[in-house]
Amino acid sequence: MKKSNALYYLKNVRCSYNGSREVLQIDELNLPKGKILFVVGLSGVGKSTLLETLACMHNCLVDSKETRFDLNFSGEQVSLMETWKKGEKAISELRKQYFSFIFQQSTFLEDCTAMENMALGAMIKGIHAEELEAEILEWMERLDLPIEESGKNIRRFSGGQRQRMAFIRALVSPFELLFCDEPTGNLDAHTGQVLMRYLKDFIRTSGKTVIVVTHDLRAALRHADKILVIRPREFSDNGVKQTMGWVSDRTYFEMSERREARDVNRLLESIKTLEK
């Protein structure tokens, strides 16, 4: 059943690459607005596929009349199945208007300055870099980046510094929904914690939504409002046993108490549970 606060509503969604076997099955799923949602699961179970599907990065949807894949911003409901049928231009406009991204391996323009790279996402959306400079410098100071070097070439900065700049680039670009794929994977534990705390504060005050794909169960338990578990589901293909990812409203992990040592084990058992 579709919930009134759902940002996404998916029903009978199947995902497949290049017409091969299905790799992810979504029975019925509501994703809430204004929350930090972590997605966890075993390696290869479909976490990246779910992110790519929700973020309209690849059209891996199996076309079916029974499928619902709706996005709701500001009371306006958009059928993403129909948007894909309109072509890449329509999908690109939707991504530009509503989404922002942070990846574990972030891409930068190597011939540009740090400031230009951090402003790039917003510039693509039509905002002039000069309008962002004060905000970017403020974020640089918070994240312990040398503001006096903001005009230097991006090549001068370390991998950890560049990853913090990727956070800044994503947050200063207007968005309704931020997608993060292992956003702190290249950072030390302390820096990763600091970034996630700032991200949580930003989301609390802005009312935006974040979806984070991660292998870090402790980070999920520490920072998530909700945790969605993608579980392995076993099926038979011409007599051969296969496994795909399966997710629904029933695979949310209940976090009524935050006793982390115990909950890590509970979450790990939930991840490993095989649905047949």
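Keep in mind it's a predicted model, so treat the numbers as computed, not measured.

Considerations on the pattern of salt bridges
No. 1: Tallying each qualifying case throughout the model produces 10 salt bridges.
No. 2: Taking the shortest distance from any N to any O, the salt bridge between Arg68 and Asp70 comes out at 2.6 Å.
No. 3: On the basis of relative accessibility, which here comes to 34%, the residue Arg68 falls in the partly exposed class.
No. 4: The salt bridge involving Lys85 is made with Glu82; its shortest N-O contact spans 3.5 Å.

Concerning the pairing of strand 8 (residues 209-213)
Every other side chain in a regular strand lies on the same face of the sheet, so the side chains alternate between the two faces.
No. 1: The element strand 8 is largely enclosed, with a buried count of five among its five residues.
No. 2: Judged by which residues are buried, strand 8 turns out to be covered on both faces: Thr209, Ile211 and Val213 on one side and Val210 and Val212 on the other are all buried.
No. 3: Looking at chain direction, strand 3 (residues 36-41) and strand 8 are connected through four bridges and run parallel. Residue pairing for strand 8: Phe38 is matched across the bridge by Val212.
No. 4: Pairing of strand 7 (residues 177-181) with strand 8 involves five bridges; the strand directions are parallel. Considered in strand 8, the bridge of Asp181 is made with Val213.
No. 5: As a crossover connection, the stretch from strand 7 through helix 7 (residues 189-206) into strand 8 is right-handed.

Some details on the environment of Ala129
No. 1: Here Ala129 shows up in helix 5 (residues 129-142).
No. 2: Residue Ala129 is classed as partly exposed on the basis of its relative accessible area of 24%.
No. 3: In sequence terms Ala129 and Trp246 are 117 residues apart; their C-alpha atoms lie 42 Å from each other.
No. 4: Not counting chain neighbours up to four residues away, the residues in contact with Ala129 comprise Ala119 and Met123.

A word on the side chain of Ser16
No. 1: In this fold, Ser16 is placed in strand 1 (residues 6-16).
No. 2: The class of Ser16 is buried, set by a relative accessible area of 10%.

Regarding the pairing of strand 4 (residues 68-73)
No. 1: A large share of strand 4 lies buried, amounting to five of its six residues.
No. 2: Inspection of the sheet shows strand 1 paired to strand 4 by four bridges, in the antiparallel sense. Looking at the pairing, Lys11 lines up with Arg68 of strand 4.
No. 3: The pairing of strand 4 with strand 5 (residues 76-79) spans four bridges and is classified as antiparallel. Bridging across to strand 5, Leu71 finds its partner in Val78.
No. 4: In this structure, the hairpin formed by strand 4 and strand 5 is closed by a connection of two residues, where Ser74 is found at a positive phi of approximately 55°.

Rules and cut-offs
- Residues numbered from 1 in each chain as written.
- Predicted model: local features only at pLDDT ≥ 70, side-chain atom pairs only at ≥ 80, totals over all residues.
- Heavy atoms only, no water.
- Salt bridge = Lys/Arg side-chain N within 4 Å of Asp/Glu carboxyl O.
- Buried < 20%, exposed > 50% of the residue type's maximum accessible area, 1.4 Å probe, protein only.
- Helix = DSSP H or I, 4+ residues; strand = E, 2+ residues; numbered from the N terminus.
- Pairing = 2+ DSSP bridges.
- Right-handed = clockwise from strand over helix to strand, strands pointing away.
- Contact = heavy atoms within 4.5 Å.

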